[in-house]
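# What the coordinates show
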Amino acid sequence: MRESATNPSGVTGKDYKMTTATKTATLANTNILTITFVALLGATMVFLAGHAQSAALHDAAHDVRHSSGFPCH
Amino acid sequence: MLTKLLASALFAGFAAGLIAVALQFAFVQPILLEAELYESGHVEHFSAPEARAHDHNTSAETTGETTDPAAENATDHDHASHDHSARPKSGIDFKRDGLSVLFSVFTFVGFALIMVAGFAIAQSRDITITIRSGLYWGLAGFVAVQLAPAFGLGMDLPGNAAADLGERQIWWAATVVLTALGLWLVAFGKGIWPYAIAIALIALPHMFGAPHPDGFNGPAPPELSSLFATRSLGVSIVAWVSLGLFAAWFWTQEDT
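Thresholds applied
Residues numbered from 1 in each chain as written. Chains lettered and ligands numbered in written order. Predicted model: local features only at pLDDT ≥ 70, side-chain atom pairs only at ≥ 80, totals over all residues. Heavy atoms only, no water. Core = buried A, V, L, I, M, F, W, Y, C linked by side-chain atoms within 4.5 Å. Buried < 20%, exposed > 50% of the residue type's maximum accessible area, 1.4 Å probe, protein only. Helix = DSSP H or I, 4+ residues; strand = E, 2+ residues; numbered from the N terminus. Contact = heavy atoms within 4.5 Å. Salt bridge = Lys/Arg side-chain N within 4 Å of Asp/Glu carboxyl O. Buried area = accessible area lost by both parts, 1.4 Å probe. Polar contact = N/O pair within 3.5 Å; in protein donor to acceptor, adjacent residues only side chain to side chain. Nonpolar A, V, L, I, M, F, W, Y, C, P; charged D, E, K, R; others polar. 1 Å grid on protein atoms, 1.4 Å probe; cavity = no way out; pocket = protein on both sides within 12 Å on 5 of 7 lines; lining within 4 Å. Points joined across faces, edges and corners; volume = space filled by probe spheres on them. pLDDT = per-residue confidence, 0-100. Axes fitted to C-alpha atoms, helices over the stretch in contact; angles between N-to-C directions. Parallel < 35°, antiparallel > 145°, perpendicular 65-115°, else oblique. Left-handed = near helix turned anticlockwise from the far one by under 90°.

## Remarks on the nonpolar core
One finds Phe108(B), Phe111(B), Val116(B), Phe119(B), Leu157(B), Trp240(B) and Leu243(B) to be the most contacted residues of the largest nonpolar core, which totals 54 residues. Broken down by element, the residue count for this core peaks at 12 residues, all from helix α4 (residues 94-124) of chain B. In this structure, Leu243(B) is in contact with Ala12(B), Gly13(B), Ala16(B), Phe108(B), Phe111(B), Ala112(B) and Met115(B), ignoring residues within four places of it in sequence. Ala49(A), Ala60(A), Ala61(A) and Val64(A) belong to the second largest nonpolar core, which has 5 residues in total.

Below you can see the structure in the form of structure tokens.
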């Protein structure tokens, strides 16, 4: 899908090798960002369900917290 | 990539969360509810079984806490003879148990998101994810998130004495992260050094020591607490292995 995008750097066929390398690097960076985002999203959800001390959250998640070993109260 | 990560995590987390909460209702919840009777002082640790049933009935009547017919009929109902005493108000508390279902799924989707992020990192290092390896991912998750913290803190039954909550939460989080890193090194490290570092990482929180209360004076009986600890670890290992298997299965499906 990325191949179809116009080349923003305007590099021509001569520098094809370099362009490929740049593209790979960009793709890898996007993946790292995506993976980090997903991991942080997961960590936030675990924190909210397991650790956040708002009274409403605590009461709602109480039984799950105890059963899954989170320090509860 | 994002779609694959989110889809695998949602499906796997949902499935594992439902398994976890079903097992929780069957094996852990009765112990929790019984412990709460001690925690709230409805039942005392050293009172006789008849006195326990009696205590509970009178307190329900005098405080007017409940209008549940099951509890009102409780006087001609011998609580001491079976474990209904663990669930004094009604068979199913829809709000409370519904929230447990919701939060179990929510928690496991959170764990699943972290696990599939791990899959993606592993795959970028040419490590193949198979359904079978999902089993190991699940076991590793269990060790990092359940067993290692429980090794230091014990399981937190309502009515157990415990140290300051904030300190325990910090210790819990640090232990989970260090153990997960250590297990990653054990699984994917090359040579002898990763093992050495892994042992150090996994041991560190336990050498440092988990926060403990000054004295053990919680009202929950030790028998109940012990059963609770083994049961909840047992339920957790099933849930985590399911999570690993489901996550790996959905992950490999998305490849095709």
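## Focus: the pattern of salt bridges
Taken as a whole and assessed by the stated rule, the structure comprises 3 salt bridges over all chains. Close ionic contact of Arg168(B) with Asp156(B) constitutes a salt bridge, the shortest N to O distance being 3.5 Å. In this pair, Arg168(B) is assigned in helix α6 (residues 165-188) and Asp156(B) in the loop between α5 (131-153) and α6, connecting sequence segments 12 residues apart. When its relative accessible area of 5% is taken as the criterion, Arg168(B) is described as buried. Each member of the salt-bridge network shares a partner with another, and the members are Asp63(A), Glu36(B) and Arg96(B).

## Focus: the side chain of Glu36(B)
In this fold, Glu36(B) is placed in helix α1 (residues 2-39). Judged by its relative accessible area of 18%, Glu36(B) falls in the buried class. The residues contacting Glu36(B), other than those within four sequence positions of it, are His62(A), Asp63(A), Arg96(B) and Pro158(B).

## Here we look at the interface of chain B and chain A
Contacts between the two partners involve 39 residues from chain B and, on the opposite side, 30 residues from chain A. Interface of chain B and chain A: buried area, both sides summed, is about 2900 Å²; carbon and sulfur atoms make up 73% of it. On the surface where chain B and chain A come into contact, there are 1 salt bridge. At the junction of chain B and chain A, the tally comes to 6 residue pairs in polar contact (both at pLDDT 80 or more). Listing elements by their share of the side of chain B that touches chain A, those giving two or more residues are α1, α4, α5, α6 and α8 (222-255) of chain B. Tallied by class, the residues present in the side of chain B that touches chain A amount to 24 nonpolar, 10 polar and 5 charged.

## Comments concerning the layout of surface pockets
A volume near 1500 Å³ is recorded for the largest pocket. Taken together, 49 residues line the largest pocket, and the ones lying closest to its centre are Ile114(B), Met115(B), Gly118(B), Ala180(B) and Trp184(B). At the level of secondary structure, the elements contributing two or more residues to the lining of the largest pocket comprise α1 (16-50) of chain A together with α4, α5 and α6 of chain B. With 14 residues, α6(B) is the single largest residue contributor to the lining of the largest pocket. In the lining of the largest pocket, the residues fall into 37 nonpolar, 10 polar and 2 charged.

## Digging into the side chain of Thr179(B)
All names here are of chain B. With respect to the helices, strands and loops of the structure, Thr179 is situated in helix α6. The class for Thr179 is buried, based on a relative accessible area of 1%. Ignoring sequence-local partners within four residues, the contact set of Thr179 consists of Val143, Ala144, Ala148 and Ile202.

## Some words on the confidence of the model for chain A
Here chain A averages 75 in pLDDT, while 63% of its residues score no lower than 70. A low-confidence stretch, residues 1-5 of chain A (pLDDT under 50), is modelled with 3 contacts involving residues beyond four sequence positions or located in other chains.

## Remarks on the packing of α6(B) against helix α7 (residues 193-208) of chain B
Residues and elements named next belong to chain B. Packing of α6 against α7 leaves a shortest axis separation of 8 Å and a crossing angle of 165°. Considering the angle they form, α6 stands roughly antiparallel to α7. Relative to α7, α6 is oriented so that their crossing is left-handed. Residues Trp171, Thr175, Leu178, Thr179, Leu181, Gly182, Leu183, Leu185 and Val186 of α6 form the contact with α7, whose participating residues are Pro194, Tyr195, Ile197, Ala198, Leu201, Ile202, Leu204, Pro205, His206 and Phe208. Broken down by class, the residue content of the contact of α6 with α7 amounts to 15 nonpolar, 4 polar and no charged.

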